[in-house]
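Each chain is listed here by its residues.
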Amino acid sequence: MIAEHITDLTTFDRRVAIKAAAAFTAMAAAGPFLHSKPVAAEGVTSALTWTEADHPEAMPDADGWITFTLEQPFSAIAPNWAGDGDPNALVQIALSSDGASWTDIITVGAAIHDAGPPDRDNRYFADLTFADSASLVSYRALNADGSLTTLPDLAFSAIDSRSGPVAGDVAIGADTDEDGVWSPPIISRAMWGADESFRFDADGEEFWPPSYQTIEHVIIHHTETASWQNPMVAIRAVYYYHAVERGWGDIGYNYLVDYMGNVYEGRAGGANVVGGHAYQYAWGSSGIGVLGSYSDFETTPEAQAGIVWITAWVGKDLDPWGTSDFHEQDDLPTICGHRDVNDSACPGDGLYGQLDRIRTQVAEVLAGANPAVDSAFYPGDTVQVIVEGANLRNGPGTGFDVSAELPWGSILSVTDPSTSNDGFAWYGVSGDAGWGWVAGVMIQRISEATVTDDGLAIGDEVVVATDMLNLRAAADRDADVVAQMPNGTVGTITDGPVRTDGFAWHYLASEYGDGWAAGVYLALRGAGIVYAIGDEVVVATDALWLRSGPGLDRKKLAEIPNGAELTITETLIPNEGHQWYGVHSDKYGDGYAAAVYLAPA
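Residues numbered from 1 in each chain as written. Predicted model: local features only at pLDDT ≥ 70, side-chain atom pairs only at ≥ 80, totals over all residues. Heavy atoms only, no water.

Draft legend 1. Examining unusual backbone geometry more closely. In the segment running from Cys 346 into Pro 347, the intervening peptide bond is cis, with an omega of 10 degrees. Relative to the helices and strands, Pro 347 is located in the loop between strand E15 (335-337) and helix H7 (348-352). Residues Gly 496 and Pro 497 are joined by a peptide bond in cis, for which omega reads 5 degrees. Even without being a glycine, His 327 presents a positive backbone phi close to 55 degrees. Among the structural elements, His 327 can be located in the loop between strand E13 (323-326) and strand E14 (329-333). (Helix = DSSP H or I, 4+ residues; strand = E, 2+ residues; numbered from the N terminus.)

Below, the structure written as structure tokens:
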């Protein structure tokens, strides 16, 4: 069964498979993917409880909204109410840090209870809502019909999990078992800041003592938390909520994965410990909780790689494409979603739709694939901004606020590995302007290699590999601009390199004239994924989908076999972690193809 499905891997995202397989080999020396947004290194997770009955002065407005202020900011909040209340009730919440600007309204209901221990005092607990240091809360309760209602003993648990370890406190590599199989780097409970006292009562007795059963299945979940939340802050909040507020004594997931592919240890107890993630189906399974909400979106390629890493490790003795009877389920897939065993929408339609890819890539890893990790920069690299006015953002995407504009030449330290969003690879960086995220196309690594040798030589035919490249009168960033060459422009190197301003400059002859260009923006024509209009290429995978546009969600026009010849008709377009080209085939027509599946003819 495994070999049968490995041949299908090339119809999926090779980039994800490459990163996943590397966890079992190259990651032994590289260490984990870490998130290092500054948080306090000291202190513990704490919580405040606000109870409606204790605040008769908090009166609803004309629309039923009640607003209250907490004594200190919090990172996550959730309502809960007495067990004799309506289990189908909903609570609408909006949050603010200043009373002037508020979040969108968030609607939550009673969370599914599928952990080992029962919820504290038989109460109904809603899912967590995350906030960035909010302190004001506005809410109203609705019944199942959407009408205003009251809930008995309604309370809010506001958790402050901002204090805890930072990335600089974490250093870890991978390891092998007796069969020589690599594990992914796993960030331990101590490393992400688990307060182990939450697991014990005043007499030192464990609230939820570990039980063990051999793993037969891997069940994938999403945590239904903010998709771009600081991962360690989010995990500490989930742990406190599960262990203390809901009274379980520990976090329910066996492992957690964040949007950068980091893998975190969840439930205490080690291999084969029974978690609390899917009722009776937690017995004999490993529950993987993916941080975020994926009802409408797929995970990032990096998160998918992390899922593959840990799924292959915990299920290394299983057939990833197998099925078997499990509790009340007949022929349950070895790798399945929460919804396959319980009445739940988890792990969301987006992540659930990725499960076949995950099964295929797990099979590839277990078959011994050993490619290199596909990332331009890694934590610890020193990089330089190579454009004027690069945006430093509060999160990895164009939708996040700009915290600073970085001048050309700014020196930064990479703190976080790549995460894909909006068609770019984003990196966490730190420098004089503070910490934030920058698109990878805006930076280059500072090293002897980048300054002294970019691999280009006189006589090479090259292609412009950026949106617009200045051709200058001299090998100097301040020299006059002779022309601006768009992406895909072909040129021939006739002189150079001359090394100034941290760049290797090359003299080009092109249709836009002759002049000097920085080599970092050039690529050998036909090398890797860089092609020019008119170049002939061939399909370099078993079967390639020709699509109506540059994206995985675009309509499939035709399936093109390995070795088929295509002509490039449109220059590179980045989207969804791929580089896309417009192509033409005399047999299959016109469309778009992912560059990773093309090779020079």
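Draft legend 2. Main features of the sheet that holds strand E12 (residues 285-290). Read from one edge of the open sheet, six strands run E8-E11-E10-E12-E9-E15, paired in mixed fashion. In this open sheet, the two strands that pair with only one neighbour each are strand E8 (186-187) and E15. Here three bridges tie strand E9 (residues 217-222) to E15, and the two strands are oriented parallel to one another. Each bridged residue has a counterpart across the sheet, and for Ile 220 the counterpart in E15 is Gly 337. Those strands touched by helix H6 (residues 301-314) are E8, E9, strand E10 (255-257), strand E11 (263-265), E12 and E15, and its axis lies near 155 degrees from that of E10. (Pairing = 2+ DSSP bridges. Contact = heavy atoms within 4.5 Å. Axes fitted to C-alpha atoms, helices over the stretch in contact; angles between N-to-C directions.)

Draft legend 3. H6, seen in detail. For H6, built from 14 residues, the straight-helix expectation of 20 Å at 1.5 Å per residue is met to within 8% by its first-to-last C-alpha distance of 20 Å. Buried residues dominate H6, accounting for 14 of its 14 residues. (Expected span 1.5 Å × (residues − 1). Buried < 20%, exposed > 50% of the residue type's maximum accessible area, 1.4 Å probe, protein only.)

Draft legend 4. Here's a closer look at empty space enclosed by the protein. Following the criterion strictly, the structure yields four cavities of 30 Å³ or more and no others. Computed from the structure, the largest cavity encloses a volume of approximately 50 Å³. Lining the largest cavity we find Val 218, Thr 311, Ala 312, Gly 315, Leu 318, Asp 319, Pro 320, Thr 334, Ile 335, Val 362 and Leu 366. Looking at the lining of the largest cavity, the elements with two or more residues in it are H6 and helix H8 (355-366). (1 Å grid on protein atoms, 1.4 Å probe; cavity = no way out; pocket = protein on both sides within 12 Å on 5 of 7 lines; lining within 4 Å. Points joined across faces, edges and corners; volume = space filled by probe spheres on them.)

It is worth stressing that arrangement in space is one thing and function is another; only the former is reported here.
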